[in-house]
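Structural features, examined
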Amino acid sequence: MQGFSNFKDRATGVFGGTRYENFEMPKHGYEQMEEGTGAIGGGYADQVPESPMSYDDYERPPLRHIDKYVRAECPCFKTIRYTVALMTCLGFIISFGMRCNMGMAKLKSESANVSVFNWTVGVESAVDSSFFWGYLVTQVPGGFLASKFPANQIFGTAIACSSFLNLLVPGATMLHPGFIIIVRMLQGLVEGVTYPACHGIWRFWAPPLERSRLATMAFSGSYAGVVIGMPMSGILSGWISWQAAFYFYGVMGMIWYTAWLWLAFEKPRSHPAITIQELKYIEKSLGETNPSPSMPTISSTPWMEFLRSMPVYAIIVANFCRSWNFYLLVLYQSAYLKHSFNFRIEETGMLGALPHLIMTIIVPFGGILADRLRKSGVLSTTNVRKLFNCGGFGLEGVFFLVVAHAKTATGAITALTIGVACSGFAISGYNVNHLDIAPRYASILMGLSNGIGTIAGLICPIAIDYITRDKPKECWSTVFTIAATVHLIGITFYGIFASGELQPWAEPVVEEKKVWTPTTAGLTKETTFNDPSQEISSTTKSVSYGAVEHVAGNPFAYPSTIAEEPVQPEPRDTYLHGGVDERTY
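Residues numbered from 1 in each chain as written. Predicted model: local features only at pLDDT ≥ 70, side-chain atom pairs only at ≥ 80, totals over all residues. Heavy atoms only, no water.

1. Thoughts on the overall build of the protein
Test applied: In DSSP terms, a helix is any run of H or I states spanning at least four residues, a strand is any run of E spanning at least two, and both are numbered starting from the N terminus. Note on exposure labels: buried denotes an accessible area under 20% of the residue type's maximum, exposed denotes more than 50%, and partly exposed covers the range between, all computed with a 1.4 Å probe on protein chains only. When checking whether two residues touch, look at their non-hydrogen atoms; a contact exists if any pair is within 4.5 Å. Using the Shrake-Rupley algorithm and a 1.4 Å probe, accessible areas are obtained, with residue cover drawn only from the displayed protein chains.
Counting its regular elements, the protein contains 19 helices and eight strands. When burial is assessed residue by residue, the protein has 57% of its 585 residues classed as buried. Contacts in the protein between residues at least 24 apart in sequence constitute 83% of all its contacts with a sequence separation of at least 6. Within the structure as shown, the protein displays about 23,500 Å² of accessible surface, and the carbon and sulfur contribution to it stands at 64%.

See the structure below:
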């Protein structure tokens, strides 16, 4: 009973208040080993780590009530950063799935003669483009919001608000076209911050040599959203009613937001369930400098350097070209299949999702391949970005020309599928390039480039509505020829001016350069932490990885490749916090 009493006293001291508990690395936390083993998680000696910030004094965030019963991680992943990537991907799936709802609802109205969608061409164009009016406005402000406030909160709140507004679309449509324009414009306003916020998330969570794979895993949700959204919206609209898809995605978005609040945190150090091994790996890889670095403001952002930088323009042009063709497919692919080959609405949803399904698989695969090419030194970061971007968009443009002249449904769908799938490689080009040239300003640059790219979302619906209005079947050849031309211009500009190297203007100002310097001259110790057998000579030649070279104050820079340390599997029947054994599994 005395042992039970001691255990109770210790538990009361740990969980009785909301204060942080001092985390002593050798004895406490989720990685606790039996005292006397001299190892943490089987991977570290019982000694003070040589690190920019002392893990010996690390204060573990307190467990929330739910964390005491269910660990804040995805069971299918061993690392927290991939859980964050998965949840971000699901958020984009819901966001882009909602964008498919209106197109399917309009096709349903054509087949069922629903009077509520009996709009003039001007009203229809206004409804189609209204989302992008709001989406354009908040791109650059979204970059600053993601710099000033926790990016995970910005991202989650945006998806939740857009989902709530999606529930209002059917009611607004029944009242007046003006109301639906307002609701969709508000959706665009809140969703405009999602891409900049996503880059803000990876600023703290993505090790340099995992940028491509983590970012593309998250961004693949944009295309998976279309894969799921087209057939789902078509089935719900065709089998139930045109309102069903709006309600379905609205509810799913609110459910996702609940899970996001539980699983997503601003930084690795804020996460109550992250292992010390993963925390060390991420922070050492990012080249930790100042634990609370000052973030860019409107006055400190080098706007004139942005305007003079051709690599920035290359990203902007690539984003514009991609946006034109992506929104062409999202908004009009089903209409093309219906008008050109007389498919039913359910069939257009299923067939229209096929190209995006293949691309969803290609996007993360391309990210892994790009990272391996950079790590191996076969190609520089600049050449990797150009190869993937120009190759992906170039092949899509070629197959769009085939679609423009296709005479059979089989030929058109085959060419469309191959072309869109190839474009998945381009996401490892321009869409990750912000983190290469200016990681400090990545979220702001993403907002800037995506904002200008959104102009394509404004122009594209208006142009296509007028091109296809009188002769919807014959004019699709013109539509896809224009799309191929847009890509040709984009890859030419990107191939000439793009760069994968850290730009001089992306370095912090002098007063922010607080860099940790190892005490041992001539040696740089990475995640081995005082293991003499793993010391790395500072004179060893290393491969250039673009923005991973050592630059003061750059959160994505560190001088050499860092191998993640092995993480031993933890017993699932023990959940530890502050040195207390909680039998919750």
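2. Observations regarding helix H16 (residues 409-422)
Under the convention used in this document: Residue count minus one, scaled by 1.5 Å, sets the expected span of a helix.
In a regular helix each residue adds 1.5 Å, so 14 residues correspond to 20 Å; H16 covers 20 Å between its end C-alpha atoms and thus fits that length. Those residues of H16 that fall on the buried side of the exposure criterion are Ala412, Ile413, Ala415, Leu416, Thr417, Gly419, Val420, Ala421 and Cys422.

3. Focus on a nonpolar patch on the surface
Rules: Patch construction takes residues with relative accessible area above 30% that form no salt bridge. Like charges are linked within 9 Å, and nonpolar side chains (Val, Leu, Ile, Met, Phe, Trp, Tyr) are linked within 5 Å. Take a side-chain nitrogen of Lys or Arg and a carboxyl oxygen of Asp or Glu: if they are within 4 Å of each other, that pair is a salt bridge.
Residues Met304, Leu307, Met310, Tyr313, Ile496 and Phe497 make up a contiguous nonpolar surface patch of about 550 Å² in total accessible area. When residues of the nonpolar patch are traced back to their parent elements, those giving at least two are helix H12 (303-308), helix H13 (310-341) and helix H19 (476-497). Mapped onto the secondary structure, leucine 307 falls in helix H12.

4. Concerning the nonpolar core
How we decide: For our purposes a nonpolar core is just a set of buried Ala, Val, Leu, Ile, Met, Phe, Trp, Tyr and Cys residues, chained together by side-chain atoms within 4.5 Å.
By size, the foremost hydrophobic cluster in this structure holds 101 residues, and its most contacted members are Trp202, Trp205 and Phe480. Considering each element in turn, this core owes the most residues, 15 residues, to H13. Phe144, Ile316, Leu445 and Leu502 belong to the second-largest nonpolar core, a separate cluster that totals 14 residues.

5. Section: the pattern of salt bridges
Tallied over the full model, the rule gives nine salt bridges. The partner of arginine 81 in a salt bridge is glutamate 278, and the shortest N-O contact between them spans 3.1 Å. Of this pair, arginine 81 sits in helix H2 (residues 80-98) while glutamate 278 sits in helix H11 (residues 276-285), placing them 197 residues apart in sequence. With relative accessibility at 1%, the residue arginine 81 sits in the buried group.

6. What about the packing of aromatic side chains?
Note the cut-off: Ring geometry is summarised as follows: Phe, Tyr and Trp rings, the Trp one being its six-membered ring, pair when their centres sit within 6.5 Å, and such pairs are stacked at plane angles under 30 degrees, edge-to-face over 60 and tilted between the two. To sit over a ring, a charge needs its Lys NZ or Arg CZ within 6 Å of the ring centre and within 35 degrees of the ring normal.
Enumeration according to the criterion identifies 30 aromatic pairs in this entry. For the ring pair tryptophan 242 and phenylalanine 246, a centre distance of 6.3 Å and an interplane angle of 80° mean the geometry is edge-to-face. Phenylalanine 246 carries the same exposure label as tryptophan 242, and that label is buried. With a centroid separation of 5.2 Å and an interplanar angle of 70°, the aromatic rings of phenylalanine 306 and tryptophan 505 are classed as edge-to-face. Taken together, the positions of phenylalanine 306 in helix H12 and tryptophan 505 in the loop between H19 and strand E5 (523-524) put the pair 199 residues apart, joining distant regions of the chain. According to the relative accessible area criterion, tryptophan 505 is buried, its value standing at 13%. One cation-aromatic arrangement involves arginine 99 over phenylalanine 96; the distance from NZ or CZ to the ring centre is 3.9 Å. Looking at lysine 267, its charged tip hangs above the ring of phenylalanine 204, at a distance of 4.9 Å from the centre.

7. Quick word on the environment of leucine 186
Tracing the backbone shows leucine 186 in helix H7 (residues 177-191). Take leucine 186: its relative accessible area is 36%, and that puts it in the partly exposed class. Placed 54 residues apart in sequence, leucine 186 and phenylalanine 132 show a C-alpha to C-alpha distance of 9.7 Å.

8. Some thoughts on unusual backbone geometry
Even without being a glycine, asparagine 342 presents a positive backbone phi close to 55°. Position of asparagine 342 among the secondary structure elements: in the loop between H13 and helix H14 (345-376). Relative accessible area serves as the criterion here: at 65%, asparagine 342 is assigned to the exposed category.

9. Quick look at the environment of glycine 429
One can find glycine 429 in the loop between H16 and helix H17 (433-437). Classification of glycine 429 as buried rests on a relative accessible area of 0%. Note: C-alpha distance between glycine 429 and serine 212 (217 residues apart in sequence) is 8.9 Å.

10. Digging into the side chain of asparagine 101
As for its position among the elements, asparagine 101 is in helix H3 (residues 101-112). Ignoring any residue separated from it by four or fewer positions in sequence, one finds asparagine 101 in contact with Asn166, Ser233, Ala245, Phe246 and Tyr249.

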